[in-house]
Amino acid sequence: MRRRHTEAVRRLYVTLVPGLLLGLTVVSEVAAVLLCWDLTSRFNTVMYAVSAVVMAGAGALVAARQPGNPIGWLFCVFALLNALMGDAALGWGLRAAAEGWPGVAVGEWLATTSWLPSGLGWILTFLLFPDGHLPSRRWLPVPWLGAVGFVLAVPGWSMSPDRTGEFVSGRNPLAVEALPTDALLSVGMTLFIGALLASAASLVVRFRRSTGDERQQLKWFAAAAAYASVALPTTFVLWSVTPGIELLAATAITALPLAACVAILRYRLYDIDVIVDRTVVYGTVTGMLAATYGLTTLVLGTRLRTGSGWVTAAATLVVAVAFRPLRDRVQDVVDRRFHRARYQAVRRMADFLEALRAGRAAPEEVQGVLRELTDDPRLELVVFLPESQLYVDVNGVPAADQQDEQRERIDVERAGLPIGRVLHRAATQQDQTLLRSLIETGGLAIEISRLHVELRRQLAEVQESRARIVNAGTEERRRLERDLHDGAQQRLVSIGLALRHAQHQLGTSTVEHATRTLDEAIVEVKLAIDELRELARGLSPAQLDAGLAPAFLDLARRVSVRVEVTAPRERFDRGIEAAAYFIGCEGLTNAVKHAQATSISLSARREDGRLIVTVIDNGIGGATPVPGSGLSGLSDRVAALGGALRIDSRRGAGTTLTAELPCGS
Amino acid sequence: MRIVIAEDQVLLRAGLGRLFADGGHDVVASLGDADSLPATVSSTDPDLVVVDIRMPPTFTDEGARAARELKRLHPSLGVLVLSQHIETTHTIDLISLGGFGYLLKDRVLEVDDFLSAAERVARGGSALDPHVVATLLSGRRGDDPLAALTDRERTVLQLMAEGLTNTGIAKRLHLSERTIEAHVRHLFTKLDMPDSEDDHRRVRAVLAHLSATQP
């Protein structure tokens, strides 16, 4: 109860607090915009407001989704600080000066100093992105250096008498002449900028070490940073030429928090590599086309001295014609640069196939190759065995649970038939594309592995069945030995004894006594003959001499239950006939002994080059082939002939035993 | 001689009973299984127990185990195990106890030999089926000391192993006892075995030699 309570409070806290911070930021920015309106550049006013709100929004989103990740909170807090100190305070300073309100100096001072906490925010962000931990313990001094630099630079900057242009009064009201502000500022800024550079370097180090998800996250951030690093200087240079260029700066400033937010929360949904790819391709193409256009206009304009309409048309034509081939060419170059990993991975797979063909590699190694090339050590390749409808790994072990939530799967098909499945960790679109092309390239190896596995399994099955057949033979011999020793042999011994006794009687007793003993002995002889006949019948079904139909009829006659027999008159291979006969025997025995059937149908018929033997009873059902049982032995006998045995025996629904034996055309 | 028979097959049991009765012996009890043997032996105090090696419930070696148990309880009791087949592992160590016999069932048709073997066992002697002895003697390597025996000495050794005394051997081979004694002396020297006047110890020595040198 208490636990649920605290959990609810925690949830409230992680949504409420970021929301509150975002709200405060929005309110501050609205105030800032209202205060600044018409007192400074409208564009700047709105741009800074939007960037702070975007940052606060991104921070709030991350903080609410991943309250354990400090990046979200960093963005929230520093966006609010920026809104209050940078924008709202600036607005107050300007408005107060214009309207004669008090607190001009405080507003101006805060706005002047606001870039320092912003910088500290970025130092921490660079160091902690994306997981909230330093890349390693060795980076621990960097935030401290930044903090010390910050502490020194704040008074060094804000209390310096040199700050004059920032204040309407032309004088820093908080200047303290006694402070060595120059020294403080130079030491502080050295540390501060050092920490900023180090934190940027930490991102590079992190990117180089990163793999998988983290790499994708860093790519997002790096893309935004790269854009900012191009856009901000460009803005700076072209500021005076076209004021519209400010838009670049605005997008650059908002892009960074947005990229961070996407990287942390949504990096799997969008493929950064495609965005980078397209940006680079179209950016380059645009630049080159613009240059071509400019050059064409210039050359034509000076050479031909004709009207600008013609020149423009010609330049446009050149650009239009050049567009497609240029784009293809650039795309090609970019592909080779950016998709090097994919290009090489596919090459590696092709090399592996080459090694496979040359006999230097085993097809089962394809799983290891896939693991290595996709950098997923848990990747698993399972192959499909159509005969048993099973998925097994490359060693033939049936694959365990395939419904793994952590992993995704790709079905492998060849000629429209399933041959396997690749289980891999949840991946980006790009990784999936790579994996698919690798699977496509390595399909042959997968198919060969599958055939290997199938062959090994069938071989193992054949070996097992052969062992069972040999055991069944041994068991049969043991039974015969018992029958002979305990049956016929004992009987013969007792007959011999009786004869000896009669002999004794002839010497000592009357002839009648001896005759009676001899009669007993003859009864024993008859029994012995019967026993031997039964024994011989078990060895080989003599009834089969006349064919399957008479043999089946003979079987039916020996059973106390009514048996309906249908069997063809034609003759089959002796092995097939014997198997059919034993199936009939076993089926009838089971039906009478175990299933308590009252009606049995025994049939054999030829169908599509197979002899189909069925024994159907109306008994209790529920029969299963236990190893070592008669049914299991039959199954082996049928399998040895290349046939199949099916038992359909639901409890209470009778038993149907069906054997299909190939018997030629 | 007072005899207890344990044999699960009714006809054979009856036949054995008649055989002993015809030979002038007294069958004091006939049993269908081995379980009640110790109790029956204690109550009837027989001279000889004839037991089938395979009996209910598992039909494997119930008789042999019962025989071992009986010899443990009554060391002087004669126990004759009847078997359908040749088997050497159980028998060799049991026969070294003395007062023990192991015969194939068809031996009973040689009534006189069978009865004398039974009497020998009851007196504390041994009886080992000729087939078992032949198995022990057969399939030997070329360097075996047995190869040095003459055919006659071999026959004498075989009969000794079966448990026969010099007198019995002489009677079987239609030779004089003195001749047999000479053969025995020779073969003991050839096999480097200590001779013994005691029939039982002699059998034991022969069997020990045979089973120890068995290939």
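Everything numeric in this text was worked out from a predicted model, so none of it was measured.

Some points on the sheet that holds strand β6 (residues 126-128) of chain B
The strands that make up a sheet pair up through hydrogen bonds in the backbone, lying either parallel or antiparallel.
Residues and elements named next belong to chain B.
Then comes step 1: Read across the open sheet, the 6 strands follow the order β2-β1-β3-β4-β5-β6; overall the sheet is parallel. Unpaired on one side and paired on the other, β2 (26-31) and β6 mark the two borders of the sheet. On average, adjacent strands in this sheet sit at an angle of 20 degrees to one another, irrespective of strand direction.
Then comes step 2: Pairing of strand β4 (residues 78-83) with strand β5 (residues 100-104) involves 5 bridges; the strand directions are parallel.

A word on the interface of chain B and chain A
Then comes step 1: Between chain B and chain A, the contact holds 16 residues from the first and 13 residues from the second.
Then comes step 2: A per-element tally of the side of chain B that touches chain A places helix α1 (residues 10-22) of chain B first, with 6 residues.
Then comes step 3: Residues belonging to the side of chain B that touches chain A are distributed by class as follows: 7 nonpolar, 4 polar and 5 charged.

Describing the pairing of strand β8 (residues 644-648) of chain A
All names here are of chain A.
Then comes step 1: For β8 and strand β9 (residues 655-662), the ladder comprises 5 bridges, and the chain directions are antiparallel. By the bridge assignment, R646 is partnered in β9 with T658.
Then comes step 2: Turn length for the β8-β9 hairpin, with the two strands adjacent in sequence and antiparallel, is 6 residues, and the turn residue G652 shows positive phi of about 85 degrees.

Quick notes on helix α17 (residues 548-557) of chain A
All names here are of chain A.
Then comes step 1: Where α17 is concerned, the buried positions are L548, A551, F552 and L555. Buried residues of α17 fall within an arc of 100 degrees about the axis and therefore sit on the same side.
Then comes step 2: For α17, the secondary structure elements touched by its buried residues are β5 (562-566), α18 (574-593) and β6 (599-607).

Focus: the pairing of β9(A)
All names here are of chain A.
Then comes step 1: The alternating pattern of β9 places T655, L657, A659 and L661 on a buried face, while none of T656, T658, E660 and P662, on the opposite face, is buried.
Then comes step 2: Judged from the 8 bridges that link them, strand β7 (residues 610-617) and β9 form a sheet pairing that is antiparallel. Looking at the pairing, V613 lines up with A659 of β9.

With respect to the packing of helix α5 (residues 115-128) of chain A against helix α7 (residues 181-209) of chain A
Residue and element names in this part refer to chain A.
Then comes step 1: Two numbers describe how α5 lies on α7: the axes approach to 8 Å, and their chain directions differ by 30 degrees. With respect to each other, α5 and α7 are oriented roughly parallel. In this structure, α5 meets α7 at a crossing whose hand is left-handed. Counted together, G119, W122, I123, F126 and L127 of α5 and F192, A195, L196, S199, A200, S202 and L203 of α7 form the full contact between these two elements.

So, the sheet that holds strand β1 (residues 380-385) of chain A
All names here are of chain A.
Then comes step 1: An order of β2-β1-β4-β3 is seen for the 4 strands of this open sheet, with the pairing classed as antiparallel. This sheet does not close on itself; its edge strands, each paired only once, are β2 (390-393) and β3 (407-414). Averaged over all neighbouring strand pairs, the angle between strand axes comes to 30 degrees, with direction disregarded.
Then comes step 2: The pairing of β3 with strand β4 (residues 417-425) spans 8 bridges and is classified as antiparallel. Among the inter-strand pairings, E408 is bridged to a residue of β4, identified as H424.

Conventions we followed
- Residues numbered from 1 in each chain as written.
- Chains lettered and ligands numbered in written order.
- Predicted model: local features only at pLDDT ≥ 70, side-chain atom pairs only at ≥ 80, totals over all residues.
- Pairing = 2+ DSSP bridges.
- Helix = DSSP H or I, 4+ residues; strand = E, 2+ residues; numbered from the N terminus.
- Axes fitted to C-alpha atoms, helices over the stretch in contact; angles between N-to-C directions.
- Contact = placed C-beta atoms within 7 Å.
- Nonpolar A, V, L, I, M, F, W, Y, C, P; charged D, E, K, R; others polar.
- Buried ≥ 20, exposed ≤ 12 C-beta atoms within 10 Å, placed from the backbone.
- Arc of directions from axis to C-beta.
- Parallel < 35°, antiparallel > 145°, perpendicular 65-115°, else oblique.
- Left-handed = near helix turned anticlockwise from the far one by under 90°.

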